[in-house]
Amino acid sequence: MKDNIVLFGGSFDPIHQGHILMAKYAHDLFDAQVIFILAKRPRWKNVNASDDKRLAMLKIALKDLDENDYSYSEYELTKDEEINYSIDTIKYFLDLYPKRKIYFLIGADQVNKFDDWKEGLLISKLVQIIFFPRVNLDIDEKIVKKYQMIKIVDKKIPDISSTEIRQLEKIDEIEGVREYIENHNLYYMDNILNKYIIDDHRYQHSLSVARLALAIAISNNLPNKENYYIAALLHDLGKTKYFDSDQMQEIMFKYYPQYIDLPFFTYHQFVGHYIAKEMIGIKNEHILRAIEFHCTGIDEMDEIGMITYLSDKIEPTRGFDSTWLISSALKNYYQGFIDTLIDNRKYLLNHHKDIYNRLTQACFTMYLNKGEK
């Protein structure tokens with residue numbers, strides 16, 4: 001048993017890789033056992049997921065770590081008070097471990113608020129307060145000095161927040177947690193995908209495309225992997241319950257008049273671009289462009305565009321054996337894209353579907369060096 005303990009409290013809504021890396025660094029730096037304490041009613045935050053779901057995600061995140069070094073406590077979850085105050089939790093653990101030195105790890109966003117904490121000075125006398133600074137967050141050094149806090153600097157810890165995950169600005173690298181979010185319709189799965197996508201079939205398709213796109217990005221060791229997942233997850237936003245066909249045409253006339261001449265089935269990619277940019281607030285131009293041309297393709301496609309396109313066409317629930325195409329993309333995304341173009345072109349021709357619109361022609365001409373005349 002280690003002599004030192006780090007109490008790491010938070011809403012963990014959801015827990016993410018940044019939390020785990022902070023815990024590991026504190027564990028090594030102070031030679032301490034880290035105890036995650038799940039907050040039931042945080043004073044300055046509204047909790048999004050239920051207690052049992054946040055606890056389930058916490059358990060998933062810790063399952064591969066040594067339980068002697070990393071554990072969790074349900075102490076605050078069992079309390080009936082309207083607000084959980086850290087001073088009460090700290091006193092509980094001091095009574096539980098009277099002979100062990102206790103460090104108290106707080107979020108960088110709480111440092112400047114510490115004057116408002118209940119019995120903040122007493123907390124600083126009972127335990128050693130520690131925190132990790134965050135990029136683009138200015139810390140009041142007077143607060144740090146007043147409460148004798150220790151600032152821990154480690155550039156390996158990613159600048160990620162639970163808020164960014166909930167809003168689909170970033171995704172978590174803890175695969176089990178991400179899958180739990182997907183399978184339990186939490187956060188962006190409910191607030192974005194379920195809110196806009198037309199039906200469950202399209203919802204499941206979108207999720208399958210996102211999982212495949214992420215797997216391809218990881219297999220090809222591409223940077224900014226979350227962008228591939230986000231673009232793929234949102235690619236079919238235009239197949240939405242929000243707009244009927246007349247409203248979709250209105251959006252096309254107003255925002256995409258240059259593409260009015262295209263077949264109606266292509267409109268959903270532009271409407272999806274509109275929803276992602278104007279209604280959800282996606283700012284990344286690579287993600288937006290991938291959504292905008294995922295159906296037809298276009299010339300000059302970047303990696304995110306190619307992988308979104310091919311993942312949409314070959315994801316496992318499509319109803320045909322796409323194993324060889326998936327294997328090709330996992331080995332080399334560009335070759336997988338070319339193979340998917342060839343296969344999709346053959347399918348469209350054999351089933352007498354549109355292949356002559358100018359965007360699809362431009363895509364085939366660029367990447368297959370031939371187009372239909």
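Heads up: the structure comes first, above all this text.
Here is a short report on the structure shown in this document.

**A look at the side chain of Thr240**
- Considering the arrangement of structural elements, one finds Thr240 in the loop between helix 11 (225-234) and helix 12 (245-255).
- A residue is classified by how much of its surface remains accessible, and Thr240, at 5% relative accessible area, is buried.

**A few points about the sheet that holds strand 1 (residues 4-10)**
- On the basis of which strands lie adjacent, the open sheet formed by six strands has the order 3-2-1-4-5-6 and parallel pairing. Of all strands in the sheet, those with a lone pairing partner are strand 3 (70-73) and strand 6 (150-151), marking the two edges.
- Where helix 1 (residues 17-30) meets the sheet, it contacts strand 1, strand 2 (32-38), strand 3, strand 4 (101-106) and strand 5 (128-131), and its direction lies at approximately 145 degrees from that of strand 2.
- Those strands touched by helix 3 (residues 86-96) are strand 1, strand 2, strand 3 and strand 4, and its axis lies near 155 degrees from that of strand 4.

**Looking at the pattern of salt bridges**
- Scanning all chains against the criterion turns up 14 salt bridges.
- One salt bridge in this structure joins Glu164 and Lys170, with 3.9 Å as the shortest N-O distance.
- Look at Glu164 and you get buried, because its relative accessible area is 16%.
- Its relative accessible area of 22% is what places Lys170 among the partly exposed residues.
- Through salt bridges with shared partners, a single ionic network connects Arg178, Glu182 and Arg211.

**Observations regarding the packing of aromatic side chains**
- According to the stated counting rule, one finds 25 aromatic pairs in the structure shown.
- Between Phe93 and Tyr97 the ring centres are 6.4 Å apart and the planes differ by 15 degrees, which places this aromatic pair in the stacked class.
- By relative accessible area, which is 22% here, Tyr97 ends up partly exposed.
- On the basis of an interplanar angle of 55 degrees and a centroid distance of 6.4 Å, the ring pair of Phe243 and Tyr274 is categorised as tilted. Here Phe243, found in the loop between helix 11 and helix 12, pairs with Tyr274, found in helix 13 (residues 267-280); they are 31 residues apart in sequence, far enough to count as distant. Judged on exposure class, the residue Phe243 and its partner Tyr274 are both buried.
- These aromatic residues form a ring-pair network of at least three members: Tyr196, Tyr242, Phe243, Tyr255, Tyr256, Tyr259, Phe270, Tyr274 and Phe293.
- Over the face of the ring belonging to Tyr97 we find Arg100, whose NZ or CZ atom lies 4.9 Å from the ring centre.
- If you follow Lys313 out to its NZ or CZ, it ends over the ring of Tyr309, 3.9 Å from the centre.

Conventions used here
- Residues numbered from 1 in each chain as written.
- Predicted model: local features only at pLDDT ≥ 70, side-chain atom pairs only at ≥ 80, totals over all residues.
- Heavy atoms only, no water.
- Helix = DSSP H or I, 4+ residues; strand = E, 2+ residues; numbered from the N terminus.
- Buried < 20%, exposed > 50% of the residue type's maximum accessible area, 1.4 Å probe, protein only.
- Pairing = 2+ DSSP bridges.
- Contact = heavy atoms within 4.5 Å.
- Axes fitted to C-alpha atoms, helices over the stretch in contact; angles between N-to-C directions.
- Salt bridge = Lys/Arg side-chain N within 4 Å of Asp/Glu carboxyl O.
- Phe/Tyr/Trp six-rings, centres within 6.5 Å; stacked < 30°, edge-to-face > 60°.
- Lys NZ or Arg CZ within 6 Å of the ring centre and 35° of its normal.

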